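Report on the structure
One letter stands for each residue in the lines below.
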Amino acid sequence: MPNELLAAALAARNHAHAPFSKFRVGAALEDSSGRIYSGCNIENATFGLTLCAERVAVFKAVSEGARDFRRIAVAADTDTLTPPCGACRQILWEFCGDIEVLLTNPRGKSESLRLKDLFPRAFDASFL
Ligand code: THU
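Here the structure is a predicted model, which is why all the values come from computation and not from measurement. (Residues numbered from 1 in each chain as written. Predicted model: local features only at pLDDT ≥ 70, side-chain atom pairs only at ≥ 80, totals over all residues. Heavy atoms only, no water.)

So, about the environment of Leu-6. Examined against the element boundaries, Leu-6 turns out to sit in helix H1 (residues 3-13). Overall, the relative accessible area of 8% leaves Leu-6 in the buried class. Residues Leu-6 and Asn-105, spaced 99 residues apart in sequence, show a C-alpha to C-alpha distance of 8.9 Å. (Helix = DSSP H or I, 4+ residues; strand = E, 2+ residues; numbered from the N terminus. Buried < 20%, exposed > 50% of the residue type's maximum accessible area, 1.4 Å probe, protein only.)

On to the pairing of strand S3 (residues 69-76), then. Counting buried positions along S3 yields six of eight residues, so the element is predominantly enclosed. Relative to S3, strand S1 (residues 25-31) is paired through seven bridges, and the arrangement is antiparallel. Note on S3: the bridge partner recorded for Gly-26 is Ala-75. Judged from the five bridges that link them, S3 and strand S4 (residues 100-104) form a sheet pairing that is parallel. Bridged to Ala-73 within S4 is Leu-102. Taken together, S3, helix H3 (residues 86-96) and S4 constitute a β-α-β crossover, and its handedness is right-handed. (Pairing = 2+ DSSP bridges. Right-handed = clockwise from strand over helix to strand, strands pointing away.)

The local shell around the ligand consists of Ser-21, Phe-23, Val-25, Asn-41, Glu-43, Thr-50, Cys-52, Ala-53, Glu-54, Pro-83, Pro-84 and Cys-85. Asn-41 is positioned with one of its side-chain polar atoms (N or O) 2.9 Å from an oxygen atom of the ligand. Its residues assigned to classes, the shell around the ligand comprises seven nonpolar, three polar and two charged. (Near = heavy atom within 4 Å. Polar contact = N/O pair within 3.5 Å; in protein donor to acceptor, adjacent residues only side chain to side chain. Nonpolar A, V, L, I, M, F, W, Y, C, P; charged D, E, K, R; others polar.)

For the rest of this paragraph, the subject is the pattern of salt bridges. This structure, assessed with the given rule, holds seven salt bridges. Of the charged contacts in the structure, one is a salt bridge between Asp-77 and Arg-107, with a shortest N-O distance of 2.8 Å. Residue Asp-77 is found in the loop between S3 and H3, and its partner Arg-107 is found in the loop between S4 and strand S5 (110-114); the two are separated by 30 residues along the sequence. Exposure remark for Asp-77: the relative accessible area of 41% places this residue in the partly exposed category. (Salt bridge = Lys/Arg side-chain N within 4 Å of Asp/Glu carboxyl O.)

Moving on, we get to the packing of aromatic side chains. Summed over the entire model, instances satisfying the criterion amount to two aromatic pairs. With 5.6 Å between their ring centres and 50° between their planes, Phe-20 and Phe-47 make a pair best called tilted. With Phe-20 in the loop between H1 and S1 and Phe-47 in the loop between strand S2 (36-40) and helix H2 (53-63), this residue pair connects regions lying 27 residues apart in the sequence. For the ring pair Phe-123 and Phe-127, a centre distance of 5.5 Å and an interplane angle of 20° mean the geometry is stacked. (Phe/Tyr/Trp six-rings, centres within 6.5 Å; stacked < 30°, edge-to-face > 60°.)

Spatially, S2-S1-S3-S4-S5 is the arrangement adopted by the five strands of the open sheet, whose pairing is mixed. Each of the sheet's edge strands pairs with one partner strand only, and the pair in question is S2 and S5. The sheet shows a mean angle of 20° between the axes of neighbouring strands, taken without regard to direction. Strand contacts of H1: S1, S2, S3, S4 and S5, with the helix running at about 140° to S1, the strand carrying the most contacts. H2 contacts S1, S2 and S3 of the sheet and is inclined by roughly 140° relative to S2. (Axes fitted to C-alpha atoms, helices over the stretch in contact; angles between N-to-C directions. Contact = heavy atoms within 4.5 Å.)

If you check which residues of H3 are buried, you get Cys-88, Arg-89, Leu-92, Trp-93 and Cys-96. Looking down the long axis of H3, one finds its buried residues gathered within 135° of arc, a one-sided arrangement. On the buried face of H3, the contacting elements are S1, H2, S3 and helix H4 (115-118). Of the residues trailing H3, Gly-97 is marked for its positive phi of about 65°. (Arc of directions from axis to C-beta.)

As far as function goes, none of this settles anything; it's purely spatial.
Written out as C-alpha cells, the structure is:
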C-alpha cells in the first residue's frame, strides 16, 4: 500500500468543512510524477453545492496542470470503507481512467480497488 498517499488522505480529512453531515472525508490523488494533490469535502448551506473530497482533489490537480494520474486514496471514519459516490466516479473516470482507488480509515484499515470495477461500462468522451 502506498502509505504516503493514505496518510495524505487522512490528513486532508482534517480540513473537511462538513458542518451539516458531520461526515468528514479526505482524498489524495497522485500524478505520474509522484506529486500528491489533496482534497476534502466542502459542504454548503444549500446542500446541493457541496463538493466531495475526491472532486476537490481532481479539480485542484487539473487546475495546476496535472493530467496523468496513478491512484487516489479516500479516507473516512467508517468500518466499511467509504467508496467514491457516483458523481465522483464519473469525474475520476473522465480525468484518470482506470486508476487504483485506495480506501482507508483512521484505524489503519485499507483496501485497493480499480475504478473500472467500481464504475463499469462508463459513459465518456469516446461516445461523443
Ligand atoms: N462525501 C465525500 O466527500 N466523498 C465520498 O466519497 C462520499 C461522500 C461527502 C459529501 C458530503 O459532504 C458528505 O460526505 C456526506 O455525504
